[in-house]
Amino acid sequence: MSSVGYLDAIVLGVVEGLTEFLPVSSTGHLTVAEGLLGLKIDDPAVTSFTAIIQFGAIVATFLYFRADFVRLALAWLRGLGPARGRHHAPDPDYRFAWLVILGSSPIVVVALVGKDLIDGPLRNLWVVAGALIAWSAVIWWAERNPRQEYEETELGVREVLIIGLMQCVALVPGVSRSGATISAGLMVGATRVAATRLSFFLAVPALTGAGVYSLKDVNTEVVGWGPMAVGTFVSFLVAYAAIAWLLKLVAGHSIAVFNPYRIVAGLAVMGMLASGVLSAT
């Protein structure tokens, strides 16, 4: 049984922080990195480690968008008061907070129902390679001629539910949660920045739930608390920088700029699998 050391934790923390919010699939990259490091990619202790270090990315999201989260949380709490107040003074932040909750719900249900499939057959590097290449076509389609009409507070229940359902597809390693949600946002008419910001907001419940649920699989014989803390801290530092960079990028560029990398990465993984450098499971 292979164990995760401090160097492994640093490498995986960098990979997690760098890829969590970019449309290139953090789970896919982490799975490939685990294979290259000689770790057993379907070991529950290893998969729980990669889920837990996502807390670093969650904290980075909270800190970067702290003003937005505080505003939305306060509006939601105020909105839980008497209905009369909401009727006379509708608060768009209260409504948007509920939309974030609604959009986060589908992935919770699908992740729980499909856990055995997600942690089993789908954790296969052939799946990762295929999904990296195949989802590039969806990103290209979404970016062909996006309407970019709606800001985040102008999105309705239908649009956010579609984005939330699309987020479920990202449970397939290689698809990319941000790639799925941003693409869906563009398809329903959101601006690229609005779709990206909503992707960050939807990430918090999804990543928090995955991390908390994975605590039950922690095995300190495989991953000690020290490497786990190091990996989480590294993912926080790198994710914070990645958030700032991605928001600047999408303000003026299509997310399809990541497609060449996705395709090359997918082909590279296929090549390593075919040559025996990597094992599929």
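Nothing here was measured: the structure is a model prediction, and the numbers come from that model. (Residues numbered from 1 in each chain as written. Predicted model: local features only at pLDDT ≥ 70, side-chain atom pairs only at ≥ 80, totals over all residues. Heavy atoms only, no water.)

1. Let's talk about the pattern of salt bridges
Line of reasoning, step 1. A full pass over the atoms with the stated rule returns ten salt bridges.
Line of reasoning, step 2. The shortest N-O distance in the salt bridge between Arg-71 and Asp-68 comes to 3.2 Å. On the criterion of helical spacing, the pair formed by Arg-71 and Asp-68 is a turn pair, its members being three residues apart in helix α5 (residues 66–79).
Line of reasoning, step 3. A residue is classified by how much of its surface remains accessible, and Arg-71, at 34% relative accessible area, is partly exposed.
Line of reasoning, step 4. Between Glu-159 and Arg-158 there is a salt bridge, with the nearest N and O atoms lying 3.6 Å from each other.
Line of reasoning, step 5. For Glu-159, a relative accessible area of 15% gives the class buried.
Line of reasoning, step 6. Owing to a relative accessible area of 56%, Arg-158 belongs among the exposed residues under this scheme. (Salt bridge = Lys/Arg side-chain N within 4 Å of Asp/Glu carboxyl O. Helix = DSSP H or I, 4+ residues; strand = E, 2+ residues; numbered from the N terminus. Buried < 20%, exposed > 50% of the residue type's maximum accessible area, 1.4 Å probe, protein only.)

2. What about the nonpolar core?
Line of reasoning, step 1. Residues Phe-21, Phe-65, Phe-96, Leu-198, Phe-200, Ile-243 and Leu-246 are the most contacted members of the largest nonpolar core, which totals 46 residues.
Line of reasoning, step 2. Where this core is concerned, the elements lending two or more residues are α4 (54–64), α5, α7 (92–113), α9 (125–142), α10 (157–169), α11 (177–187), α12 (192–214) and α13 (225–250).
Line of reasoning, step 3. Of all the elements, α12 adds the most residues to this core, at eight residues.
Line of reasoning, step 4. Beyond its immediate chain neighbours, meaning those up to four positions away, Phe-21 contacts Ala-57, Thr-61, Arg-177, Ser-178, Phe-200, Ala-203, Ala-239, Ile-243 and Leu-246.
Line of reasoning, step 5. Val-4, Leu-39, Val-222 and Val-223 belong to the second largest nonpolar core, which has 16 residues in total. (Core = buried A, V, L, I, M, F, W, Y, C linked by side-chain atoms within 4.5 Å. Contact = heavy atoms within 4.5 Å.)

3. Quick look at the packing of helix α1 (residues 6–19) against helix α2 (residues 26–36)
Line of reasoning, step 1. Where α1 meets α2, the closest approach of the two axes is 9 Å, and the angle between their N-to-C directions is 160°. The orientation of α1 relative to α2 falls into the category roughly antiparallel. For the pair α1 and α2, the sense of crossing is right-handed. Contacts between α1 and α2 involve Leu-12, Val-15, Glu-16 and Thr-19 from the first element and Ser-26, His-29, Leu-30, Ala-33 and Glu-34 from the second.
Line of reasoning, step 2. Partitioned by chemical class, the residues of the contact of α1 with α2 number four nonpolar, three polar and two charged. (Axes fitted to C-alpha atoms, helices over the stretch in contact; angles between N-to-C directions. Parallel < 35°, antiparallel > 145°, perpendicular 65-115°, else oblique. Left-handed = near helix turned anticlockwise from the far one by under 90°. Nonpolar A, V, L, I, M, F, W, Y, C, P; charged D, E, K, R; others polar.)

4. A few points about α1
Line of reasoning, step 1. For α1, with 14 residues, the first-to-last C-alpha span of 20 Å sits near the 20 Å given by 1.5 Å per residue.
Line of reasoning, step 2. Within α1 the residues assigned to the buried category are Asp-8, Ala-9, Leu-12, Gly-13, Val-15, Glu-16, Gly-17 and Thr-19.
Line of reasoning, step 3. Buried residues along α1 sit against α2, α3 (44–52), α4 and α13. (Expected span 1.5 Å × (residues − 1).)

5. Observations regarding the side chain of Ser-183
Line of reasoning, step 1. Residue position: Ser-183 is located in helix α11.
Line of reasoning, step 2. Sequence-distant contacts of Ser-183, that is, excluding residues within four places in its chain, are made with Trp-135, Ile-139, Ala-142, Ser-178 and Ile-255.

6. Things to note about the UniProt feature "transmembrane region" (unreviewed entry) in the chain
Line of reasoning, step 1. The UniProt entry lists residues 45–65, 96–113, 125–143, 155–175, 195–215, 222–247 and 259–280 under the feature "transmembrane region" (unreviewed entry), expressed in the numbering used here.
Line of reasoning, step 2. Annotation note: span residues 259–280, helix share 77%, strand share 0%, distance between end C-alpha atoms 23 Å. (UniProt positions renumbered as here; feature names shortened; annotations may be inferred.)

7. Comments concerning the packing of α5 against α7
Line of reasoning, step 1. Where α5 contacts α7, the two axes come as close as 8 Å, and the packing angle between them is 100°. Comparing their axes, α7 and α5 come out roughly perpendicular. Listed contacts from α7 to Arg-71, Leu-72, Ala-75, Trp-76 and Gly-79 of α5 are Asp-93, Tyr-94, Phe-96, Ala-97, Trp-98 and Ile-101.
Line of reasoning, step 2. A breakdown of the residues in the contact of α5 with α7 according to their chemical character gives eight nonpolar, one polar and two charged.

8. Considering the packing of aromatic side chains
Line of reasoning, step 1. According to the stated counting rule, one finds 13 aromatic pairs in the structure shown.
Line of reasoning, step 2. Seen in terms of ring centroids, Phe-65 and Phe-200 are 5.2 Å apart; in terms of plane orientation they differ by 40°. Their pairing is tilted. Linking Phe-65 in the loop between α4 and α5 with Phe-200 in helix α12, this pair joins segments that are 135 residues apart in sequence. Here the two residues Phe-65 and Phe-200 agree in accessibility, since each one is buried.
Line of reasoning, step 3. Among the aromatic residues, ring-to-ring pairing joins Phe-21, Phe-62, Tyr-64, Phe-65, Phe-69, Phe-96, Phe-200, Phe-201, Phe-233, Phe-236 and Tyr-240 into one connected group.
Line of reasoning, step 4. Across from the ring centre of Trp-141, 3.9 Å away, lies the NZ or CZ of Arg-144, which sits over that ring. (Phe/Tyr/Trp six-rings, centres within 6.5 Å; stacked < 30°, edge-to-face > 60°. Lys NZ or Arg CZ within 6 Å of the ring centre and 35° of its normal.)

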